[in-house]
Each structure stands twice: as structure tokens, then as C-alpha cells.
Amino acid sequence: MFKLAERLGASRYEADEAYLKALTAFRRKDLKTALAQIDVAIARHPSHAEYHAALAWFQLEHDDPSHARAGFDRAMTLNPYEMLANYGLGMLAYKDKDWEAAAGYFLNAMAAQPDRPETMYYLSLVRHRQGDNERALHWMGKAREEFAAAGDKREKQCRAWMREFAQLADGDGTRA
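Residues numbered from 1 in each chain as written. Predicted model: local features only at pLDDT ≥ 70, side-chain atom pairs only at ≥ 80, totals over all residues. Heavy atoms only, no water.

Chemist: An account of the overall build of the chain is needed here, citing residue identities and associated values.
Modeler: The number of helices and strands found in the chain is 10 helices and zero strands. Scanning the chain from its N terminus toward the C terminus, one meets helices and strands in the order α-α-α-α-α-α-α-α-α-α. With respect to the principal axes defined by its C-alpha atoms, the chain has extents near 60 × 35 × 30 Å. Classification of the 176 residues of the chain by burial places 40% in the buried group. Of the contacts formed within the chain by residues at least 6 apart in sequence, a portion of 47% connects residues at least 24 apart. Taken as a whole, the chain presents about 10100 Å² of accessible surface, with 50% of it coming from carbon and sulfur. (Helix = DSSP H or I, 4+ residues; strand = E, 2+ residues; numbered from the N terminus. Buried < 20%, exposed > 50% of the residue type's maximum accessible area, 1.4 Å probe, protein only. Contact = heavy atoms within 4.5 Å. Areas by Shrake-Rupley, 256 points an atom, 1.4 Å probe, with all protein chains shown as cover.)

Encoded structure:
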């Protein structure tokens, strides 16, 4: 039987190990370690889009949108179907109030990973901003289901949005 490192190749195995350490450090809010470990992962396996997207996400979460955008773009160059890169670019477009671009990125992220409630949540908000409260209600309902199944407290926030979207969809569709 092959050892994992032999099967993947030593550099890929080391890259994956560093990536997991980076994610763990990021969850602990240890950005310095997370950045150091993701740099190791990228150095060992520079063509892996997910590592570049993770680096960009770390940057986005720590208020460095210009570097984040460059990292997401690099990830998209390597793999246009990279979920986190599409989600991250969707978040940047959302913050810029570019609803059309945000919707496209969020739909691409959902195509790559269909059951992510965060993506459904933001797609719903985009549809609301576009004045399509019926579709906003649909996507927020899907997000609520996924959050509820995971026991995530954001499910309550979804219910509040759903009430607002239902009222708006029943009315003339304009935002209050």
C-alpha cells in the first residue's frame, strides 16, 4: 500500500498539510500563522486555485480588498469554477453594489458547491436589491433550510428577511 505522501507527491502532501494548518490558524483568528502557512502551501503547489482563493479570503476578512481581489482573480485564472474565488468576488461586487456581477459570481459559486447557505443568503440579498423579491424569498428560504439543518443561528436572520421579502413580493415589489 502506498503512503499518502507517495501517492500525492511530497510537495502536494506538504502543501495540503500547510493548507490545513492555515485554515486552523485562521479559525483561531491567528492571521500571522494563517498567512505564513498558506504561503507555504502556495510555494509547494502554486497551481492550486483553492490555496490562492483561501489567501484572498484571509485578506478580504482582514480588510484588504485590493489584495483579495488580485488573489481571487489569480484563483479564477487557475480554475474559473473555484467556489471560494467566485464567492469572494461575489462579496466584493456586493460591497461595490454591482448587483449583476454579484449575482453571476454567487450563481457560479452555487454551481460549484450547491448547498452553501451563505451563498444562497447573499444571492437572495442581491435579488432583493434588484427588486426581485419573489426570487429573493426563494433563495432566502433555501438558505434558511440549510442554516436550520446545520443548527446555525443565522436561520433566525433568514426568517426575518423572509417576512420582509414576502410583504414586498405581495405589494408592488418595491423596497421599503
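Chemist: Any details on the confidence of the model for the chain? Residues and values, ideally.
Modeler: Chain-level statistics for the chain give a pLDDT mean of 92 and a share of 91% at 70 or above. Confidence, read as mean pLDDT per element, is least for helix α1 (residues 4–8) in the chain (49) and greatest for helix α8 (residues 117–129) (98). (pLDDT = per-residue confidence, 0-100.)

Chemist: If you had to explain the environment of D96 to someone new, which residues and values would you point to?
Modeler: Among the secondary structure elements, D96 is positioned in the loop between α6 (83–95) and α7 (99–112). On the accessibility criterion, D96 (52% relative accessible area) is exposed. At a separation of 3.2 Å, a polar atom in the side chain of D96 contacts the side chain of R69. (Polar contact = N/O pair within 3.5 Å; in protein donor to acceptor, adjacent residues only side chain to side chain.)

Chemist: Account for the packing of aromatic side chains, naming residues and giving values.
Modeler: Enumeration over the complete set of coordinates arrives at nine aromatic pairs. Geometrically, the ring pair formed by F26 and F58 is stacked, given 4.4 Å between the ring centres and 20° between the ring planes. A residue pair is termed long-range when its members are at least 10 positions apart, and F26 in helix α2 (residues 10–27) and F58 in helix α4 (residues 49–61) qualify at 32 residues. Each member of the pair, F26 together with F58, is buried. Among the aromatic residues, ring-to-ring pairing joins W57, Y87, Y94, W99, F106, Y121 and Y122 into one connected group. (Phe/Tyr/Trp six-rings, centres within 6.5 Å; stacked < 30°, edge-to-face > 60°.)

Chemist: I'd love a proper account of α6, names of residues and values included.
Modeler: Given 3.6 residues per turn, any residue in an α-helix points the same way as the ones three and four places further on. Counted at 1.5 Å a residue, the expected span for α6 with its 13 residues is 18 Å, and the 18 Å between its end C-alpha atoms agrees. For α6, a buried count of 12 out of 13 residues is recorded, marking the element as mostly surrounded by other parts of the structure. Where α6 is concerned, the buried positions are M83, L84, A85, N86, Y87, G88, L89, G90, M91, L92, A93 and Y94. The inward-facing, buried residues of α6 abut α4, α5 (65–78), α7 and α8. Regarding α6, its N-cap is E82, as a side-chain oxygen of that residue lies 2.8 Å from the backbone nitrogen of L84 further along. Directly after α6, the chain includes K97, whose backbone phi takes a positive value near 60°. (Expected span 1.5 Å × (residues − 1).)

Chemist: Tell me about the pattern of salt bridges, and name the residues and values.
Modeler: Using the criterion set out here, one finds 10 salt bridges in the structure. The residue R44 makes a salt bridge to E14 at a minimum N-O spacing of 2.8 Å. Of this pair, R44 sits in helix α3 (residues 31–44) while E14 sits in helix α2, placing them 30 residues apart in sequence. For R44, a relative accessible area of 39% corresponds to the partly exposed category. Through salt bridges with shared partners, one network takes in R116, E118, D152 and R154. (Salt bridge = Lys/Arg side-chain N within 4 Å of Asp/Glu carboxyl O.)

Chemist: Could you give me a rundown of the packing of helix α9 (residues 133–149) against helix α10 (residues 154–170), with the residues and numbers involved?
Modeler: Where α9 meets α10, the axes come as close as 9 Å, and the angle between the chain directions of the two elements is 160°. If you check the angle between α9 and α10, you find them roughly antiparallel. Here α9 and α10 pass one another in a crossing that is left-handed. Of the residues in α10, those touching α9 at N133, E134, A136, L137, M140, G141, A143, R144, F147 and A148 are R154, E155, C158, R159, W161, M162, F165, A166, L168 and A169. (Axes fitted to C-alpha atoms, helices over the stretch in contact; angles between N-to-C directions. Parallel < 35°, antiparallel > 145°, perpendicular 65-115°, else oblique. Left-handed = near helix turned anticlockwise from the far one by under 90°.)

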